[in-house]
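# Observations on the three-dimensional arrangement
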Amino acid sequence: KAGVTQTPRYLIKTRGQQVTLSCSPISGHRSVSWYQQTPGQGLQFLFEYFSETQRNKGNFPGRFSGRQFSNSRSEMNVSTLELGDSALYLCASSLRTARNEQFFGPGTRLTVL
Amino acid sequence: QKEVEQDPGPLSVPEGAIVSLNCTYSNSAFQYFMWYRQYSRKGPELLMYTYSSGNKEDGRFTAQVDKSSKYISLFIRDSQPSDSATYLCAIPLGAAGNKLTFGGGTRVLVKP
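For the structure given in this document, a descriptive report is provided here.

What counts, and at which threshold
Each chain carries its own residue numbering, running from 1 in the direction its sequence is written. As they are written, the chains are lettered A onward and the ligands numbered 1 onward, keeping that order. Selection of residues for local features in this predicted model requires a pLDDT of at least 70, selection of side-chain atom pairs for listing and counting requires 80 or more, and totals for whole chains, interfaces and linings are taken over all residues. With hydrogens and water excluded, all non-hydrogen atoms of the structure serve as input to the side-chain values. Strands pair, by our definition, only if DSSP identifies at least two bridges between them. For helices the rule is a DSSP run of H or I covering at least 4 residues; for strands it is a run of E covering at least 2, with both sets numbered from the N terminus onward. All axes here are fitted lines through C-alpha atoms, helices being fitted over the stretch that makes contact, and every angle between N-to-C directions spans 0 to 180 degrees. Any two residues whose heavy atoms approach within 4.5 Å are treated as being in contact. Simply put, the buried area is the total loss of 1.4 Å probe accessible area from both parts when two parts are fitted together. A 3.5 Å cut-off defines polar contacts: any pair of N or O atoms within that distance qualifies, except that in protein one atom must be a possible hydrogen donor and the other a possible acceptor, and neighbouring residues in sequence count only when both atoms are side-chain atoms. Each residue gets one label: Ala, Val, Leu, Ile, Met, Phe, Trp, Tyr, Cys and Pro are nonpolar, Asp, Glu, Lys and Arg are charged, and the others, such as Gly, are polar. Aromatic pairing here means that ring centres of Phe, Tyr or Trp (its six-membered ring) are within 6.5 Å. Orientation follows from the plane angle: under 30 degrees is stacked, over 60 is edge-to-face, and everything else is tilted. Working definition: with a 1.4 Å probe on protein chains only, accessible area under 20% of the residue-type maximum means buried, over 50% means exposed, and in between means partly exposed. Only one rule defines a salt bridge in this text: a Lys or Arg side-chain nitrogen within 4 Å of an Asp or Glu carboxyl oxygen. Within this scheme, the nonpolar core is defined by two criteria: the residues are buried Ala, Val, Leu, Ile, Met, Phe, Trp, Tyr or Cys, and they are joined through side-chain atoms within 4.5 Å.

## A look at the sheet that holds strand β6 (residues 54–58) of chain B
Residues and elements named next belong to chain B. An order of β1-β3-β8-β7-β6 is seen for the five strands of this open sheet, with the pairing classed as antiparallel. The open sheet terminates on both sides in strands that have one partner only, identified here as β1 (4–6) and β6. On average, each strand axis in the sheet is inclined to that of its neighbour by 20 degrees, with strand direction left out of account. With six bridges joining them, strand β3 (residues 19–25) and strand β8 (residues 71–76) adopt antiparallel strand pairing. Its bridge partner being in β8, Val 19 is matched across the sheet by Ile 76.

And the structure:
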């Protein structure tokens, strides 16, 4: 079974631009969560989508948004990029059942110049 | 106060030694606890999932929860160089427990 895939793997943008990251979950998984990982703040939860609806939300500004499609694939968008948005963005998928295990993708490394 | 805190390390041990990793958490209502392992340039992978207090063993890995102290631990016996990674404790929160709150991670280096 294929794992969680994320595209692109690496991205360089400049301040003020916007970016869209993509995540394809494991087949059959309908929940997709997004996390930001930085050396200073560690791994922080952004949001979770299940059945095309946002179910959980972290403490990030409105510049960070996401969506989920009917095939469970998800995208996250960051508008008006700031230098501090440079991070590894991780996507995780799950079945959303009891003893819920989230399976992480390899991440997208975003660098904002 | 952060919901879960973890010593960042790094922790360097010789091959074969026992690795001891710890986290503290803030809310006594937390019931589920997880340990993830993250290799360089990879996403985290789940190692252990525990509920309530006590020990849980899986091969060379033992997870321990002390709810009275709000303390969780992970022990790695007979450590191998392949165990060199960052270990993160996590607590599932939010709807369906899908909002994982992570400790800062401890980097472990097992030297041959």
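Still to come is the rest of the account.
## Some remarks on the interface of chain B and chain A
Counting residues at the interface gives 19 residues for chain B and 24 residues for chain A. Contact between chain B and chain A buries roughly 1,700 Å² in total, counting both sides, with carbon and sulfur atoms accounting for 48%. The interface formed by chain B and chain A holds eight residue pairs in polar contact (both at pLDDT 80 or more) in total. If you list the elements that add at least two residues to the side of chain B that touches chain A, you get β4 (32–38), β5 (45–51) and β10 (99–102) of chain B. A breakdown of the residues in the side of chain B that touches chain A according to their chemical character gives 10 nonpolar, five polar and four charged.

## Comments concerning the environment of Gly66(A)
Residue and element names in this part refer to chain A. For Gly 66, the position within the fold is in strand β7 (residues 64–68). Each C-alpha atom, one on Gly 66 and one on Asn 77, is 5.9 Å from the other, the two residues being 11 residues apart in sequence. Beyond its immediate chain neighbours, meaning those up to four positions away, Gly 66 contacts Phe 47, Tyr 49, Glu 75 and Met 76.

## Examining the packing of aromatic side chains
Ring pairs (aromatic) are described by centroid distance and by the angle formed between their planes. Under the defined criterion, the tally for this structure stands at 12 aromatic pairs over all chains. The interplanar angle of 50 degrees and the centroid separation of 5.3 Å between the aromatic rings of Tyr35(A) and Phe104(A) together place this pair among those described as tilted. Remark: Phe104(A) occurs in strand β10 (residues 103–104) and Tyr35(A) occurs in strand β4 (residues 31–38); sequence separation between them is 69 residues. Here Tyr35(A) matches Phe104(A) in class, with each residue buried. Judged by centre distance (4.8 Å) and plane angle (40 degrees), the ring pair of Tyr25(B) and Phe33(B) falls under tilted.

## Details of the pattern of salt bridges
A full pass over the atoms with the stated rule returns eight salt bridges over all chains. Between Arg63(A) and Asp85(A) there is a salt bridge, and its shortest N-O distance comes to 2.8 Å. Separated by 22 residues along the polypeptide, Arg63(A) in the loop between β6 (53–57) and β7 and Asp85(A) in the loop between β8 (74–78) and β9 (87–94) bring together distant segments of the chain. Arg37(B) is the partner of Glu45(B) in a salt bridge, and the nearest nitrogen-oxygen pair spans 3.0 Å. With a relative accessible area of 33%, Glu45(B) lands in the partly exposed category. A single network of salt bridges, built from pairs that share partners, joins Arg63(A), Glu82(A) and Asp85(A).

## Examining the nonpolar core
Ranked by size, the top nonpolar core spans 24 residues in total, and within it Trp35(B), Ile72(B), Leu74(B) and Tyr87(B) carry the most contacts. For this core, the secondary structure elements donating two or more residues are β3, β4, β5, β7 (61–66), β8, β9 (85–93) and β11 (106–111) of chain B. With five residues, the single largest contributor to this core is β9(B). If we ignore the near neighbours within four places in the chain, the residues touching Ile72(B) are Leu21(B), Asn22(B), Cys23(B), Tyr25(B), Phe33(B), Trp35(B), Gln64(B), Val65(B) and Cys89(B). With 21 residues, the next largest nonpolar core counts Val32(A), Phe64(A), Val78(A) and Ala87(A) among its residues.

## Here's the deal with the pairing of β3(B)
Residue and element names in this part refer to chain B. Residue alternation in β3 divides its side chains into a buried set, Val 19, Leu 21, Cys 23 and Tyr 25, and an unburied set, Ser 20, Asn 22 and Thr 24. Here three bridges tie β1 to β3, and the two strands are oriented antiparallel to one another. Looking at β3, one finds that Glu 5 is bridged to Thr 24.

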